[in-house]
Amino acid sequence: MLDIFVPADTTACALGADAVAAAVITEANIRKVEINLIRNGSRGLFWLEPLVEITTEQGRIGFGPVTVEHIPQLINHIFEPDITDNTALCLGLIDQIPSLKNQQRVNFARAGIIDPLSLKDYLAHGGYLGLQQALTMTAESMVDQVIASGLRGRGGAAFPTGIKWRTVLETPAEQKYIVCNADEGDSGTFADRLLMEADPFQLIEGMTIAALAVGASQGYIYLRAEYPKAHRVLQQAIDLAYSNSYLGKNIAASEHQFDLQIRLGAGAYICGEETALLESLEGKRGQVRAKPPLPAISGLFGKPTMINNVLTLATVASIFARGADWYKTFGCNRSVGTLAIQLAGNIAQGGLIELAFGANLRDILVDFGGGTATGKPIHAVQVGGPLGAYLAASEWDIKLDYETFNDANAMLGHGGIVVFDDSVDMLQQARFAMEFCALESCGKCTPCRIGSTRGIEVIDKIQQGEQPKQNLILLEELCDTMQYGSLCAMGGLTPMPVRSAIKHLKKR
Amino acid sequence: MPNKSNHDANSSNATEDRITIKNLPVTSAETTISTAQLETLLETVSSLKHLPGALLPILHKIQHQLGYIPSEVIPDIAQLLNLSRAEVHGVVSFYPDFRTHPCGQHLLRICAAEACQANGARALMQHAEEKLHIKSGHTTPNNNITLEAVYCLGNCTAGPSVEINQRLHGRVTTTLFDQLTAGLITAGPINAMPRPDQC
Ligand SMILES: Cc1cc2nc3c(=O)[nH]c(=O)nc-3n(C[C@H](O)[C@H](O)[C@H](O)COP(=O)(O)O)c2cc1C
Ligand code: SF4
Ligand code: FES
């Protein structure tokens, strides 16, 4: 029976994949051919979605972007390959496409290849090898392994993961928690979503290993409500893990217990900040807590809590399966491993590009991205989400690693890159950064809550040509107040997109 | 010959989406619910009360069933969880997703975040506002459509992103927007003042 893959990924479906899948079934029935339709996750090559694949002796062959109208032809082509219509959509062997072949996939090695809800597929592709390894180790040596790997948190702050794990391990308590931050609120980012939809067991495995390492028996995934598909896939994967003894009592025939639940957010960006997230998990308003105490010492319900991003936890599974030394072969400077680069906005070939840290930004935009979707020149790119800097053409020869970005007064964050063509109004973008801060501020401190609203007013005056020089100085002072007077990075980093946007405005 | 599929062949997702939509209130901006309704509702949510940090799961459940969180239920939830009414109200009002009033018959959410801005989301929002004669965050006077801005739906490579009754669409040009909404918009008295949506 022929395997036909049609992604059930959020973006694939937003571009018509459900209708394509239905049409494949209908057409196969009409032609009375037997097929096995698999709803896989996405490979992350979103400009080719819906990307339909079939298995052949040579490997997986791709077609895309496919519409319902293409299906009769496509099925013809598949079953009578000598009929050479429809070849335009045929992409050949999918893993030979340069955009995929030139990546270094660690976290996303299985994405789009396997059936996300087949535990059998997961195991056949190296799944749960990490947990097997972990079960042979002591908690201390597990934490040492993470420290040795050099892994740093992928949620934005890039804090060394192993150090946090050690703190949780060494804090004595009856109850400890593992929390996965799946709030992914940054515009231009979708790597967490892609992973959860395409390879959910990897996250479950990573969280299980983390639980063993720090001595936690309960885990929560705090998932944003904007991701209903990820929610469904994850929930089904968790149910499967339970029924196959990968969660619950005696996981993988050991004496360990680990329970895992999903909790949904409710549209507040600030709940991605770890302490606001914990408040929200406790059923409260998502307001930022002052640190100390660190969540690792006193976190969820006052108990030691390990909170990590989706990708951080997923990476742990690979590190345990293949070793810290192997993981360290990727990366540069102190940025070890691979970065899930998310190329979004006005870009011809947008999608997920996983590469070792240290790739050149311009190469990403040009070689992988192929320039803007509108065909106009790229004017600016915003890297690192709504709190990240706008970079103009003269700044694109920059290595994508944490240190280089810090030195350039920019931020790599969660790895999102949003591309704008030359129709962008940089002052409007600066205003939006303030608007977003005003809208999403948790309200705890004045510089953020009030400063952002003042910021909007000042930018409006500049826009209207009202004493622009004085108002630019005022804006600069306001940025200083926000940067130095805010409790968390929401207010503290909003000046970064504002200042960088204004800088490029002046140049123009 | 039957075709095998790993998940429900004709897209399980689409079906589930529709079930949720049915649960949205279809008529009336009135926000009163009957005592019987209230009782069944409380029965359902009290099964969640044992969860640590149960308030958000409970609010989600209520909103899923009714499409909004009626003010009438707040005292009962407060009692159920041993919280003050102010605390419950404070949580409801903090989170943008929780509505205190039902939205219109159809809910349109347009992504207004940066990656979609780069693909023309601002112009699309303006188009929608002009077409529906309401501002974002409002409902048409005949209660037909609620229009809202949302900040990122994870579809940032294929914007502008628009969610119509919880179904996501990518690369929504103004033309596609008109096509997608053609069957939803019903003619009504559009001269009246739009009702501010306290969602
Ligand atoms: C305003 C704000 C929003 C954040 N949003 C997210 C988010 O959506 N996802 C995430 O993983 N981390 C987010 N973070 C970072 C978290 O606070 C925290 O550093 C992270 O969850 C730690 O996990 P890691 O060490 O694995 O990166 C945010 C931080 C701030 C200040
Ligand atoms: S900076 Fe803003 S978001 Fe952060 S704690 Fe202060 S008010 Fe809240
Ligand atoms: S910015 Fe619109 S979907 Fe992400």
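Residues numbered from 1 in each chain as written. Chains lettered and ligands numbered in written order. Predicted model: local features only at pLDDT ≥ 70, side-chain atom pairs only at ≥ 80, totals over all residues. Heavy atoms only, no water.

Participant: Could you give an account of the pairing of strand E14 (residues 378-383) of chain A, naming the residues involved and the relevant values?
Facilitator: Most of E14(A) is tucked away: six of the six residues are buried. Here E14(A) hands over to strand E15 (residues 390-392) of chain A after six residues, with Gly384(A) in that stretch at a positive phi of 95°. (Buried < 20%, exposed > 50% of the residue type's maximum accessible area, 1.4 Å probe, protein only. Helix = DSSP H or I, 4+ residues; strand = E, 2+ residues; numbered from the N terminus. Pairing = 2+ DSSP bridges.)

Participant: Summarise the pattern of salt bridges; cite the residues concerned and give the values.
Facilitator: All names here are of chain B. Throughout the structure, instances matching the rule amount to 28 salt bridges over all chains. Between Arg 109 and Glu 163 there is a salt bridge; the shortest N-O distance is 3.0 Å. Taken together, the residues Arg 109 in strand E2 (residues 106-111) and Glu 163 in strand E5 (residues 162-164) connect sequence positions 54 residues apart. We classify Glu 163 as buried; its relative accessible area is 8%. The closest approach of N and O atoms between Asp 178 and Lys 131, which form a salt bridge, is 3.2 Å. (Salt bridge = Lys/Arg side-chain N within 4 Å of Asp/Glu carboxyl O.)

Participant: Any details on the interface of chain B and chain A? Residues and values, ideally.
Facilitator: On the side of chain A, 75 residues touch chain B, which itself brings 50 residues to the contact. Between chain B and chain A, a total of about 4800 Å² is buried, with carbon and sulfur atoms accounting for 53% of that surface. At the junction of chain B and chain A, the tally comes to one salt bridge. Two residues, Asp18(A) and Arg167(B), come together in a salt bridge whose shortest N-O distance is 3.1 Å. On the surface where chain B and chain A come into contact, there are 22 residue pairs in polar contact (both at pLDDT 80 or more). Elements with a minimum of two residues in the side of chain B that touches chain A: strand E1 (4-5), helix H1 (12-22), helix H3 (55-66), helix H5 (85-94), helix H6 (114-117) and strand E6 (167-169) of chain B. (Contact = heavy atoms within 4.5 Å. Buried area = accessible area lost by both parts, 1.4 Å probe. Polar contact = N/O pair within 3.5 Å; in protein donor to acceptor, adjacent residues only side chain to side chain.)

Participant: Tell me what's going on with the confidence of the model for chain B, and back it up with residues and numbers.
Facilitator: All names here are of chain B. Mean pLDDT over chain B works out to 83, with 78% of the residues at or above the 70 mark. In this model residues 1-30 is a low-confidence stretch, pLDDT under 50, and it forms 59 contacts with partners more than four residues away in sequence or in other chains. In this model, residues 190-199 is a region of pLDDT below 50 whose contacts with residues beyond four sequence positions or in other chains number 26 contacts. Scoring the predicted complex yields pTM 0.94 and, for the interface, ipTM 0.96. (pLDDT = per-residue confidence, 0-100.)

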